[in-house]
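Per-entry structural report
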Amino acid sequence: VLRSADALALAATAAATAAAAARPAEPAAASMTGRADACELHNLATVAGALCAAATARTESRGAHARSDFPETSPDHRVRYVIVDAPG
């Protein structure tokens, strides 16, 4: 799997669109009203967005993460990335 900034941006947009479209009005009541599938889609799209953010932040190729626009490893990226999204 090769990634690039452009491909990751498209994937992040698709994930955000899916998450917004599937967001239930009342998540706690979703399973009782037949909206469990929408909750599942929203959760999957949220995870996809987080993966895109992490992959975009790592501007190098390392291990299974291969960037076509950054093919080399970098000593600056020998740490883990934690993406924190403020509630809202």
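Check the entry above for the structure.
In this report, we go over the structure that sits alongside the text.

Definitions and limits used
- Residues numbered from 1 in each chain as written.
- Predicted model: local features only at pLDDT ≥ 70, side-chain atom pairs only at ≥ 80, totals over all residues.
- Heavy atoms only, no water.
- Helix = DSSP H or I, 4+ residues; strand = E, 2+ residues; numbered from the N terminus.
- Buried < 20%, exposed > 50% of the residue type's maximum accessible area, 1.4 Å probe, protein only.
- Contact = heavy atoms within 4.5 Å.
- Areas by Shrake-Rupley, 256 points an atom, 1.4 Å probe, with all protein chains shown as cover.
- Expected span 1.5 Å × (residues − 1).
- Arc of directions from axis to C-beta.
- Salt bridge = Lys/Arg side-chain N within 4 Å of Asp/Glu carboxyl O.

**Some thoughts on the overall build of the protein chain**
When its secondary structure is counted, the protein chain shows two helices and two strands. Along the protein chain, helices (α) and strands (β) appear in the sequence β-α-α-β when read from the amino end. Counting only residues that meet the buried cut, the protein chain has 25% of its 88 residues in that class. Taking the intrachain contacts of the protein chain between residues at least 6 apart in sequence as the baseline, contacts between residues at least 24 apart amount to 42%. Summed over all atoms, the accessible surface of the protein chain reaches about 6300 Å², with 61% contributed by carbon and sulfur.

**A closer look at helix α1 (residues 5-22)**
For α1, with 18 residues, the first-to-last C-alpha span of 26 Å sits near the 26 Å given by 1.5 Å per residue. Those residues of α1 that fall on the buried side of the exposure criterion are Leu 8, Ala 15, Ala 19 and Ala 22. One side of α1 carries all its buried residues, which in axial view fall inside an arc of 75°. Facing away from the buried side of α1 by over 90 degrees, the exposed positions are Asp 6, Leu 10, Thr 17 and Ala 21. In this structure, the buried side of α1 is in contact with β1 (2-3), α2 (36-57) and β2 (66-67).

**A look at the side chain of His 42**
The residue His 42 is located in helix α2 in this model. Given the relative accessible area of 17%, His 42 is considered buried. Apart from residues no more than four positions distant in its own chain, His 42 is found in contact with Ala 19, Ala 22 and Arg 23.

**Comments concerning the pattern of salt bridges**
Applying the stated criterion to the full structure yields two salt bridges. Linking Arg 58 and Glu 60 is a salt bridge whose minimum nitrogen-to-oxygen distance equals 2.7 Å. Summarising the burial analysis for this pair, Arg 58 and Glu 60 share the class buried.

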